[in-house]
Amino acid sequence: MAAIPDNAAMDTLRIATRKSPLALWQSEHVAARLRAAHPGLDVVLVPMSTRGDEQLDRSLAAIGGKGLFLKELELAMQRGEADCAVHSLKDVPMELDPGFELPAVLERADPADAFVSHAFDGIDALPRGAVVGTSSLRRQAQLRARRPDLQLRDLRGNVNTRLAKLDAGEYDAIVLACAGLQRLGLDGRIRARLAPPDWLPAPAQAVVAVETREGDDRTALRVAALEHAPTRIVIEAERALNLALHGSCHVPVAAFAELHGEHLRLRAWVGSAADGSGVSAMGEGVAGAPQALGQAVATDLLALGAARFLG
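Cut-offs and rules
Residues numbered from 1 in each chain as written. Predicted model: local features only at pLDDT ≥ 70, side-chain atom pairs only at ≥ 80, totals over all residues. Heavy atoms only, no water. 1 Å grid on protein atoms, 1.4 Å probe; cavity = no way out; pocket = protein on both sides within 12 Å on 5 of 7 lines; lining within 4 Å. Points joined across faces, edges and corners; volume = space filled by probe spheres on them. Nonpolar A, V, L, I, M, F, W, Y, C, P; charged D, E, K, R; others polar. Pairing = 2+ DSSP bridges. Helix = DSSP H or I, 4+ residues; strand = E, 2+ residues; numbered from the N terminus. Axes fitted to C-alpha atoms, helices over the stretch in contact; angles between N-to-C directions. Contact = heavy atoms within 4.5 Å. Left-handed = near helix turned anticlockwise from the far one by under 90°. Polar contact = N/O pair within 3.5 Å; in protein donor to acceptor, adjacent residues only side chain to side chain.

A. Expanded view of empty space enclosed by the protein. Tallying each qualifying case throughout the model produces one cavity of 30 Å³ or more. For the largest cavity, the calculated volume is near 40 Å³. Residue classes in the lining of the largest cavity are distributed as two nonpolar, two polar and two charged.

B. Structural context of the sheet that holds strand 13 (residues 278-286). Strand order in the open sheet made by the three strands is 11-12-13, with antiparallel pairing throughout. Two strands lie at the open edges of the sheet, namely strand 11 (253-260) and strand 13, each paired on one side alone. When the angles between neighbouring strand axes are averaged without regard to direction, this sheet yields 10°. Pairing analysis gives nine bridges linking strand 12 (residues 263-271) to strand 13, with the strands arranged antiparallel. Bridge pairing links Arg265 to Glu284 in strand 13. Along the sheet face, helix 9 (residues 229-244) touches strand 11 and strand 12 and points at about 150° away from the line of strand 11. Here helix 10 (residues 290-303) sits on the sheet in contact with strand 12 and strand 13, set at roughly 150° to strand 13.

C. Focus on the environment of Ala237. With respect to the element layout, Ala237 can be found in helix 9. Along the backbone, Ala237 and Phe256 are 19 residues apart, and their C-alpha atoms lie at a distance of 8.6 Å.

D. Structural context of the packing of helix 9 against helix 10. Where helix 9 meets helix 10, the closest approach of the two axes is 7 Å, and the angle between their N-to-C directions is 40°. Helix 9 and helix 10 meet at a crossing whose hand is right-handed. Seen from helix 9, the contacting residues are Ile233, Glu236, Ala237, Ala240, Leu241 and Ala244; seen from helix 10, they are Pro290, Gln291, Gly294, Gln295, Val297, Ala298 and Leu301.

E. View of the layout of surface pockets. Taken as a whole, the second largest pocket encloses approximately 280 Å³ of empty space. Lining the second largest pocket are 14 residues, with Met94, Leu102, Glu236, Arg239 and Gln291 positioned closest to its centre. Listed by contribution, the elements that provide at least two residues to the lining of the second largest pocket are strand 4 (100-105), helix 9 and helix 10. Looking at the lining of the second largest pocket, the element that brings in the most residues is helix 9, giving six residues. In the lining of the second largest pocket, the residues fall into seven nonpolar, two polar and five charged.

F. How the structure looks around the environment of Ser117. As for its position among the elements, Ser117 is in the loop between strand 5 (113-116) and strand 6 (131-133). C-alpha separation for the pair Ser117 and Asp167, spaced 50 residues apart in sequence, amounts to 8.8 Å. One polar contact links the side chain of Ser117 to the main-chain amide nitrogen of Phe120, over a distance of 3.2 Å. One polar contact links the side chain of Ser117 to the main-chain carbonyl oxygen of Asp172, over a distance of 2.8 Å.

So this is what it looks like as C-alpha cells:
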C-alpha cells in the first residue's frame, strides 16, 4: 500500500453513519481522531437512515439481522457518496460483502452489559415475574439461565428511546450495553454491570470499526492510524468463533477474549433464549493465532452439543 501523497493533506474524507445519537457519537469520535492524526484533513459526516433503524416493530432476527444497519452505508460508498463507514463491530456480519474491508478497529471500551432499572439494583433483586426488556437473543438466553421466572419482552430503538420506555413504566428493568450509555454520558443510568466471567457479551461488543472499499488505499491508510492492535487480536478470536458457529442475531452466542502479553484466553457460551439452557467452553492460545483459538473453542462447543442451539 503506497504512502498518502503530500498534496492530499487538504482533501476531504466523508464518513457514512447512521443517524442515531450513539452512531453519530461514534462517527464524531472517529472524525476527531482522524483530524488529530492527519492535520488539515477535512472530515465530514454523511448521516443516513438504515432499514434496521426504520423497522422498529419487529425484532432484528425477524427482519433480516444486524446487517441491515450496514447495507445503506455500503451502498453510499459504492456510489461514491462516502469514503468510509463507522460501525459498532458487533453489528457487522462475520463475513463482509465482497469489495469491503475493515482497516481499523479502535480500542475496545467497556464490554459489559448494563442492568438499568429505577427500583432494583440487579437481576437477583428483581421480583418474581418482573418484566425485563431486551431485543438481544443472547441477553434473553443469559437472563433465562439466571432467572427463568422473568417476563422478557422485546425492546427496539436507539438508547434514548429504550430508556424512555423504561421511564414510562413499560419495563421493570432493561439491559443495554455499558459502552453505549457511557459514550452518551449516561453512566448514571447503570445500576449494575453484567460482566465476564459470569456474564458474557456479544462478540466484538464495545468495539468501533471503520469500513472502507477494497482497493481504496488512500482511505485505508488514513483510517489505519486509528488501529488498536490488542483489540484486533481479541476480536479476531471472538469473530472467528462466531463465524465457525454461523452466529448471527438469530443465534444466542456470547464470547469474550482477554489478552495478557502474548497469552490469549477465550470464553464462550451458546444457549437457548427459550429456556436458558446452554453450553460453555474456554480455551487458551497465543496472540499470534487468534482465529485458531476461536475455531478451537467453537469446536469444543459443538462437541458439547451446541448444534442444538444453532438452528
